[in-house]
Amino acid sequence: MSDTSIPSPPLRGRGTARSAVEGRRTSISRRRRQPLQHAPHGPPTLQRQGRNGFTLVELLVALTIFGMLAAAGVGLLSFSVRAQEVADDRLARLAEQRRAGALLTADLAQAAPRVHRDEAGAVRPALQGTSGQDDALLLSLVRRGWDNPDDANSSTLQKVHNRLSQGRLERLGYRHVDGAAALPPVAVLTEVRSLRLRYRDREGNWRDRWDPTQPSQLPLAVEMVVATGAGAEVRQLFLVGGAV
C-alpha cells in the first residue's frame, strides 16, 4: 500500500499579512489627504435647507400675477362706475319726462275756452299750438284751477306758455290772463334733441298746428313726441279740457 497524503492549504506567512495591512493603511491615508470634492449643486435636501428667500424668477412671476389681478379689479371697478353713471343719467331723464308729462297733463286737462290778449293787446285764441319743428312757440293756453298762494287780487285762471329755448323746454306762467308780463321761466326738459306736437280735432284728424277758425275752440287731444339726451323718442298723449 502506498501512502497518500492530502495536501494542506498553504499557510500565509507573517510577511504577507503585514504587507496587506500596510497597504490598506497607505490607501486610507491617501484618501484622507485628498481634498473633499462636493457636487456642483449639492444634495437637494441640503440646498433647500440653506435657502432663506425667493429667486428673481419667482418674484417676477408673483408680480406679474399681482399686476394682472390689479388690472382686472380696476377694470371691473371702472365698469361699475360707468354703469352707475349711465343708470343715474337715464333715471334723471325719465324723471324729467315724467314731470313734464305731469305738468302738461294738468295744464291741458284744465284748459279753458278763454280768448285772451297778449302784452301788446292783440287777441289770441284760447289755445295756440305749433308743430315744434321750426318755431320757438310750442303751446299757449289758459287753464283753470290756478292756486293763489300770495292772496293776490286775481282770478283762478292762468295763462301758460310753453317754448323751446337753447335745447330746453320752458314753461312760463302769467300773473294775469290779459296784457301781463310773463313770470320767470321754469325749465321742464333739458337737452331736448327733437320735439313734435300734433293736435286732434273733433273730426278725428291730426293737425300739425292748431289755428281754428273759432278762437275759443279746443282740440280733443295733444300728442307730444320728444327725445332728450342720448335716449330714444318718447310719445305721450294728453286729453284737453276733460275730453273723453
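Residues numbered from 1 in each chain as written. Predicted model: local features only at pLDDT ≥ 70, side-chain atom pairs only at ≥ 80, totals over all residues. Heavy atoms only, no water.

### Overview of a nonpolar patch on the surface
Argument step 1. Together, Val57, Val61, Ile65 and Leu69 give the surface a local cluster of nonpolar side chains, amounting to about 390 Å² of exposed area.
Argument step 2. Residue placement: Leu69 occurs in helix H3 (residues 56-109). (Patch = residues over 30% accessible without salt bridge, like charges linked within 9 Å, V, L, I, M, F, W, Y side chains within 5 Å. Areas by Shrake-Rupley, 256 points an atom, 1.4 Å probe, with all protein chains shown as cover. Salt bridge = Lys/Arg side-chain N within 4 Å of Asp/Glu carboxyl O. Helix = DSSP H or I, 4+ residues; strand = E, 2+ residues; numbered from the N terminus.)

### Let's talk about the pairing of strand E10 (residues 221-228)
Argument step 1. In terms of burial, E10 is largely enclosed, as eight of its eight residues are buried.
Argument step 2. Where burial is concerned, the two faces of E10 agree: the one with Ala221, Glu223, Val225 and Ala227 and the one with Val222, Met224, Val226 and Thr228 are both buried.
Argument step 3. The pairing of strand E8 (residues 192-200) with E10 spans eight bridges and is antiparallel. Across the sheet, residue Ser194 finds its bridge partner in E10, namely Ala227. (Buried < 20%, exposed > 50% of the residue type's maximum accessible area, 1.4 Å probe, protein only. Pairing = 2+ DSSP bridges.)

### Details of the sheet that holds strand E7 (residues 186-189)
Argument step 1. One open sheet accounts for five strands, arranged E3-E4-E5-E6-E7; its pairing is antiparallel. Looking at the sheet topology across the chains shown, the edges are occupied by strand E3 (127-129) and E7. On average, adjacent strands in this sheet sit at an angle of 20° to one another, irrespective of strand direction.
Argument step 2. Strand direction decides the pairing type here: strand E5 (residues 158-165) and strand E6 (residues 168-173), joined by six bridges, are antiparallel. Within E6, the position partnered with Ser165 by the bridge is Arg168. (Axes fitted to C-alpha atoms, helices over the stretch in contact; angles between N-to-C directions.)

### As for the sheet that holds strand E11 (residues 234-239)
Argument step 1. Reading across the sheet, the four strands line up as E9-E8-E10-E11 and stay open at both edges, with antiparallel pairing between neighbours. Only two strands of the sheet have a single partner each, and these edge strands are strand E9 (206-207) and E11.
Argument step 2. Seen against the sheet, H3 touches E10 and E11 and runs at an angle of roughly 20° to E11. (Contact = heavy atoms within 4.5 Å.)

### Digging into the nonpolar core
Inside soluble globular proteins, nonpolar side chains tend to come together where they are buried.
Argument step 1. Counting 23 residues, the largest nonpolar core has Leu108, Leu127, Leu139, Leu195, Leu197, Met224 and Val240 as the members making the most contacts within it.
Argument step 2. Listing elements by their share of this core, those giving two or more residues are H3, strand E4 (137-143), E7, E8 and E10.
Argument step 3. Of all the elements, E8 adds the most residues to this core, at four residues.
Argument step 4. Dropping the residues within four chain positions of it, Met224 is found in contact with Leu104, Leu195, Arg196, Leu197, Val234, Arg235, Gln236 and Phe238. (Core = buried A, V, L, I, M, F, W, Y, C linked by side-chain atoms within 4.5 Å.)

### Re the confidence of the model for the chain
Argument step 1. In the predicted model, the chain carries a mean pLDDT of 79, and the fraction of residues at 70 or more is 73%.
Argument step 2. Looking over the chain, one finds the lowest element-wise mean pLDDT in helix H2 (residues 44-49), namely 50, and the highest in E9, namely 94.
Argument step 3. pLDDT under 50 marks residues 1-5. Its contacts with residues more than four places away, or in other chains, come to zero contacts. (pLDDT = per-residue confidence, 0-100.)

### Description of the packing of aromatic side chains
Argument step 1. If you walk through the whole model with that rule in mind, you get zero aromatic pairs.
Argument step 2. Here Lys159 stacks its cationic end above the ring of Tyr174, 4.2 Å away from the centre of that ring. (Phe/Tyr/Trp six-rings, centres within 6.5 Å; stacked < 30°, edge-to-face > 60°. Lys NZ or Arg CZ within 6 Å of the ring centre and 35° of its normal.)

### Some details on unusual backbone geometry
Argument step 1. A positive phi angle is found at Gln166, which is not glycine, with a value near 55°.
Argument step 2. Secondary-structure assignment places Gln166 in the loop between E5 and E6.
Argument step 3. You will see that Glu191, though not glycine, has its phi angle at about 55°, which is positive.
Argument step 4. Examined against the element boundaries, Glu191 turns out to sit in the loop between E7 and E8.
Argument step 5. Glu191 sits in the partly exposed class, given a relative accessible area of 48%.

### With respect to the pattern of salt bridges
Argument step 1. Within this structure, the stated rule accounts for 13 salt bridges.
Argument step 2. Among the ionic pairs, Asp89 bridges to Arg93, the shortest N-O distance being 3.7 Å. Highlighted residues: Asp89 and Arg93, both in helix H3, separated by four residues, approximately one helical turn.
Argument step 3. You can call Asp89 partly exposed: its relative accessible area is 36%.

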